[in-house]
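Listed here are the chains, written in short residue letters.
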Amino acid sequence: MKARKKKPMNRRLKNNLTAYGFMTPWFIGFIAFTLFPIIFMFAVSLTNRKLTGISQYIGFTNYINIFKNPNFWNSFRVTIFYTIIVMIVTSIWALLMAMLLNHKNRLNGIFQFCYFLPSVIPSVALSYAFRSIFGRDAGLLNAFLSSITGKNVLINWLYDPAFVYQTVFFITLFTYSTGQMMLIYRSGLNEVSKQLYEACDIDGANSWQKFFHITLPQISPVLLFNTVTGSVSALNGSFALLYPLTGEEGNPNKMTQVLSLLIYNESFSNQRVGYGSALSVILFLIACVFGIIIFALSKKLVYYEN
Amino acid sequence: MKLRKLFGLLLALTMVLSLLVGCGSDDNKEPDDTKVTDGTGETKDNKETKGEDNEGETGTEINLTVWNEPPKDDSLNMYLAAEKATGIKINVSVIPETEYSSKLNQMVATGDDSADILVVWENDIANFAEVKGIEPLDDYLASSSINSNDFIDAVAQLTEGLGATYGLPWCAATEVLYYNQDMFDEAGLEYPNNDWAYEDFLVAAEKLTKLNSDGTTQVYGFDLPNLQTWWAGIGIKGDQIYDPATGRLVIGDGAVSFIQDCVDMAKKGIMPVPSSDTSDNFGAGKAAMSWQGSWMVGSYGDTLDFNWDMATIPTAARKYNTLHTGFYTINSKSKNKEAAWKVIEFLMGEEGQRINSQASGNPSALVSIAEKGEWKVEAAKTVENWDAMIDSLEAGVFGYTCIPAGVTGNAVSLFNTAVSGQITPEDAVKQAMEYAAETIGYTLD
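The rules behind the values
What you see as residue numbers is a count from 1 along each chain, following the sequence as written. Chain letters start at A and ligand numbers start at 1, both assigned in the order the entries are written. In keeping with the predicted nature of the model, local features appear solely for residues at pLDDT of at least 70, side-chain atom pairs appear and are counted solely at 80 or more, and the whole-chain, interface and lining totals rest on all residues. Here a strand is any run of E in DSSP of at least two residues, a helix any run of H or I of at least four, and the numbering for each starts at the N terminus. C-alpha atoms define the radius of gyration, and 2.2 Å times the number of residues to the power 0.38 defines the globule rule. Any two residues are considered in contact once their C-beta atoms, placed from the backbone, lie within 7 Å. Exposed residues have 12 or fewer other C-beta atoms within 10 Å of their own C-beta, buried residues have 20 or more, and partly exposed residues fall in between, where C-beta atoms are placed from the backbone. The pairing criterion is simple: DSSP has to find at least two bridges between the two strands. All axes are obtained by fitting lines to C-alpha atoms, using only the stretch in contact for helices, and the reported angles, taken between N-to-C directions, cover 0 to 180 degrees. An angle counts as roughly parallel when it lies under 35 degrees, as roughly antiparallel when it exceeds 145, as roughly perpendicular when it falls between 65 and 115, and as oblique in every other case. Should the near helix be turned anticlockwise from the far one by less than a right angle, the crossing is left-handed, and should it be turned clockwise, the crossing is right-handed. Only Asp, Glu, Lys and Arg are considered charged in this grouping, and only Ala, Val, Leu, Ile, Met, Phe, Trp, Tyr, Cys and Pro are considered nonpolar; every other residue, Gly among them, is considered polar. As used throughout, domain bounds are those supplied by an automatic or database domain assignment. For every residue, the pLDDT score states the predictor's confidence, bounded by 0 at the bottom and 100 at the top. Here, a nonpolar core denotes buried Ala, Val, Leu, Ile, Met, Phe, Trp, Tyr and Cys residues that are linked to one another through C-beta atoms within 7 Å.

### Side note on the overall build of chain A
The helix and strand tally for chain A stands at 14 helices and 0 strands. When the helices and strands of chain A are placed in sequence order, the string is α-α-α-α-α-α-α-α-α-α-α-α-α-α. In terms of C-alpha radius of gyration, chain A reaches 25 Å, well past the compact-globule figure of 19 Å for 306 residues. Structurally, chain A occupies a C-alpha span of about 95 × 70 × 35 Å along its principal axes. In chain A, once contacts between residues fewer than 6 apart in sequence are set aside, the share between residues at least 24 apart is 67%.

This is the structure:
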């Protein structure tokens, strides 16, 4: 009898061990490439470590200096502003594109290919291409505008405070993150039951009513997912887009110097690795706060069928 | 089922082991994103050179790290010549310029011994010496044919504060004024010379500017200073820029005055306003004059559609330009120090310097070799004023290049912001000084 009782225990143990065995590679990868760097980053943020490796424990001095520094507060404002606007602009654009693609049309495949193509180009290459388009004297866009207006158009797209944000936000529409969002929205839209739309038609609802009362609630989980990934991407992925476009100083006049650019600037150009790590910890916390706020809001706004 | 589980576990184990092997350190590892070029200029994958590492331990093979590719023409390849002269094989690791300094800093920080010779920039040499990442060369120099007294004064001044000689300059690049002779002829102006006054330069820039009927500029008299030559403009106005004794950024009235001149020129369309354009206005024939590094002589050569020549940067309160170089240093972790020194000795010798001058168009930092004029680029057929290079060399100092790149980059960004009219020149200078003080770590007086 005892032996019979032991058997299921052994099997359970075996199954558990097998499961842990499968999980081990991921877990080791997580510890080595995610958890350890985060802990190490926090440890380095408490030192005055230079790029050459000179390091001394200085407690929270880096954090105190950061909060006293006007450049940090400028970057903080720019980061929040950039993240929120990019999140909104890219979400709306991706949803719009996905809805257009959802209409039955013979050329949908070509349209989707054309729109998604820039998204698979590396951000750095994309930024350099847009930089040559948005140049002042030698930019392709100004040359085009000059040729159609017959006037010498010299708009300083990426250096004039009046234009820089619009230009940067326009460019974000062509990043990988936006293309990916569009595909996810599209699959979400396909999941919305046709019967709901038919019921609306019977009740005489117009397109706007169908969108706000059927489509949006039905795809709200997808919207939440895209908003979270979009905001994290805007926070962390902004470097690859902005560095080639407006430089690590975030020209003009630090208007585009998001925290990731400031971290690079401090860690590598100024060789203050400890200070840069403290900035990284702050960026990590900002990303966490963004995630928490979005999830908190989602409890009220997201519709789950079950 | 059991077989499937066993297979799965084996797969998982393989992945874990691969991960551990991947993470394992390899003392002789080359920097990941480098290309390794042997002395013949033939580029190899890093892995291909690994099998040859044993030879390095016998002192017959060394690795050298630099930011620019060796010339493809064998007769201009100083590393190939060094191999022939010393019998030591040289593997050249090329790290892109944009990340060169940070990669070298990481190599020194981690005690990486994969490179025996590091070509180190001005703003890094003191830091590397401080952490003993590079070897003092005085003992080697004592029994060497290299005459340390023959270096231009600026080199001696830079190494004075280090307590020992840690590096030898591979060349001495300067900054000069390039001008379009055809445009000067058309405007009926005399060509600039090496004693040109700054006021005359301003007048000429205005006369050389061609405006369209709508008031926009067709040809600029002077191109916007770049990251390097902003400091030349501030230097000629009398500001010290870099204080070697304290490591501080020292700018003030001179900087305000030069920025104001640029603001005025931009307003009148004489100079372009800062933008994201990356094109070279001078090379494209859209600017009559430009201040740039001497290395552009080789780039322009006979490729421009117009006649051009050069002169020294105009003189205001004083003659000034920034010298640019890289220092041959020996990695303190190198296992081949003697072999590394032999190679450096050749590269700093007459033949090595001659080949380098011919290949790069930059004069040697050794006065007796520079005077021979091997740096005169043959392809630059319209250039007559070669004296501009020697004059610039004599007036040159190691200035802004000794300050962290983030500090000078921030300052130039502020100067450009002032030219765009978003802040005043006074505010730009004040903010640049405050940023430098906070970053470098000192209190402003």
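### Brief notes about the overall build of chain B
Summing up its helical and strand segments, chain B has 19 helices and 16 strands in all. Counting all 445 residues of chain B, 52% fall into the buried class. Taking the contacts inside chain B whose residues are at least 6 apart along the sequence as the reference set, 77% of them involve residues at least 24 apart.

### Quick notes on the sheet that holds strand E7 (residues 175–180) of chain B
Residue and element names in this part refer to chain B. Read from one edge to the other, the open sheet built from 5 strands follows the order E8-E9-E12-E7-E13, with strand pairing classed as mixed. Edge strands, defined here as strands with exactly one partner in the open sheet, are strand E8 (210–211) and strand E13 (308–312). In the sheet, strand E9 (residues 217–222) pairs with strand E12 (residues 287–293) via 2 bridges, with the strands oriented parallel. Within E12, the position partnered with Phe222 by the bridge is Met289. Docked against the sheet, helix H10 (residues 198–208) engages E9 and E12, running at close to 165° with respect to E9. Packing against the sheet, helix H17 (residues 387–395) makes contact with E7 and E13, and its axis sits at approximately 30° to E13.

### Some thoughts on the packing of helix H18 (residues 405–419) of chain B against helix H19 (residues 425–440) of chain B
Residues and elements named next belong to chain B. Packing of H18 against H19 brings their axes to within 9 Å, and their N-to-C directions diverge by 165°. Here H18 is positioned roughly antiparallel relative to H19, judged by the angle of their axes. For the pair H18 and H19, the crossing hand works out as right-handed. Where H18 approaches H19, its residues Gly406, Val407, Asn410, Ala411, Leu414, Phe415, Thr417 and Ala418 are matched on the opposing element by Pro425, Ala428, Gln431, Ala432, Tyr435, Ala436, Thr439 and Ile440. Across the contact of H18 with H19, the residue classes tally to 11 nonpolar, 5 polar and no charged.

### Topic: the domain arrangement of chain B
Residues and elements named next belong to chain B. On domain assignment, one finds that chain B holds domain 1 (35–173 + 325–370) and domain 2 (175–322 + 391–440). On a C-alpha basis, the centres of domain 1 and domain 2 stand 31 Å from each other. Contacts between the two partners involve 16 residues from domain 1, matched on the other side by 15 residues from domain 2. Broken down by secondary-structure element, the contributors of at least two residues to the side of domain 1 that touches domain 2 are helix H6 (122–130) and helix H8 (153–160). Among the elements that line the side of domain 1 that touches domain 2, the one with the most residues is H8, at 3 residues.

### Section: the environment of A:Lys299
Residue and element names in this part refer to chain A. You can see Lys299 is positioned in helix H14 (residues 273–301). Residue Lys299 is classed as exposed on the basis of its 8 C-beta neighbours within 10 Å. In this structure, the C-alpha to C-alpha distance between Lys299 and Asn105, residues 194 residues apart in sequence, is 36 Å.

### Some remarks on helix H9 (residues 194–203) of chain A
Counting buried residues along H9(A), only 0 of its 10 residues qualify, which leaves the element largely exposed. Downstream of H9(A) by a residue or two, A:Gly204 has a phi angle that is positive, lying close to 80°.

### With respect to the environment of A:Phe211
Position of A:Phe211 relative to the elements: it lies in helix H10 (residues 207–218). The exposure class of A:Phe211 is partly exposed, given the 13 C-beta atoms found within 10 Å.

### Section: the confidence of the model for chain A
Of all residues in chain A, 97% have pLDDT values of 70 or greater, and the mean over the chain is 90. Averaged pLDDT values over the elements of chain A bottom out at 81 in helix H4 (residues 108–116) of chain A and peak at 96 in helix H2 (residues 61–68) of chain A.

### Some points on the nonpolar core
The biggest cluster of nonpolar side chains holds 130 residues, and the ones touching the most others in it are B:Ile117, B:Ile259 and B:Val343. Looking at which domains feed residues into this core, each of domain 1 (35–173 + 325–370) and domain 2 (175–322 + 391–440) of chain B supplies at least three. Contact partners of B:Ile259, with chain neighbours within four places excluded, come to B:Phe415, B:Ala418, B:Val419, B:Pro425 and B:Ala428. By size, the runner-up hydrophobic cluster in this structure holds 32 residues, among which are A:Ile171, A:Phe174, A:Tyr243 and A:Ile282.

### Comments concerning the interface of chain A and chain B
Between chain A and chain B, the contact holds 38 residues from the first and 40 residues from the second. The element that contributes the greatest number of residues to the side of chain A that touches chain B is helix H1 (residues 2–44) of chain A, accounting for 8 residues. Considered class by class, the residues forming the side of chain A that touches chain B number 14 nonpolar, 17 polar and 7 charged.

### Remarks on the packing of helix H8 (residues 176–191) of chain A against helix H11 (residues 220–236) of chain A
Residue and element names in this part refer to chain A. H11 packs onto H8 with a crossing angle of 170° between their chain directions and a minimal axis gap of 10 Å. One finds that H8 runs roughly antiparallel with respect to H11. Across the interface between the two elements, Ser177, Met181, Ile184, Tyr185 and Gly188 from H8 touch Val222, Phe225, Asn226, Gly230 and Ser233 from H11. In terms of residue class, the contact of H8 with H11 is made up of 5 nonpolar, 5 polar and no charged.

### Describing the pairing of E13(B)
Residues and elements named next belong to chain B. Burial within E13 is extensive, with 5 of its 5 residues counted as buried. Two elements, E7 and E13, share 5 bridges in a ladder whose sense is antiparallel. Residue pairing for E13: Tyr178 is matched across the bridge by Met310.

### Some points on the environment of B:Gly293
Residues and elements named next belong to chain B. Among the secondary structure elements, Gly293 is positioned in strand E12. In this structure, the C-alpha to C-alpha distance between Gly293 and Glu175, residues 118 residues apart in sequence, is 4.2 Å. For Gly293, the contacting residues outside a window of four places in its chain are Ala173, Glu175, Gln228 and His324.

### A few points about unusual backbone geometry
Geometrically, the link from A:Asn251 to A:Pro252 is a cis peptide bond, its omega value of -5° lying close to zero. Within the element layout of this structure, A:Pro252 appears in the loop between helix H12 (238–246) and helix H13 (259–269). Its identity as a non-glycine residue notwithstanding, A:Gln271 has a phi of 60°, on the positive side. With respect to the secondary-structure elements, A:Gln271 resides in the loop between H13 and H14. Accessibility expressed as a C-beta count within 10 Å gives 24 for A:Gln271, which makes it buried. Backbone geometry at B:Lys132 places phi at a positive 55°, although glycine is not the residue there. Tracing the sequence through the fold places B:Lys132 in the loop between H6 and helix H7 (138–142).

### Here's the deal with the pairing of strand E4 (residues 89–94) of chain B
Residues and elements named next belong to chain B. Counting buried positions along E4 gives 6 out of 6 residues, so the element sits mostly inside the fold. Burial along E4 is two-sided: Lys89, Asn91 and Ser93 facing one way and Ile90, Val92 and Val94 facing the other are all buried. Pairing analysis gives 6 bridges linking strand E3 (residues 61–66) to E4, with the strands arranged parallel. What sits directly across from Ile62, in E4, is Ile90.

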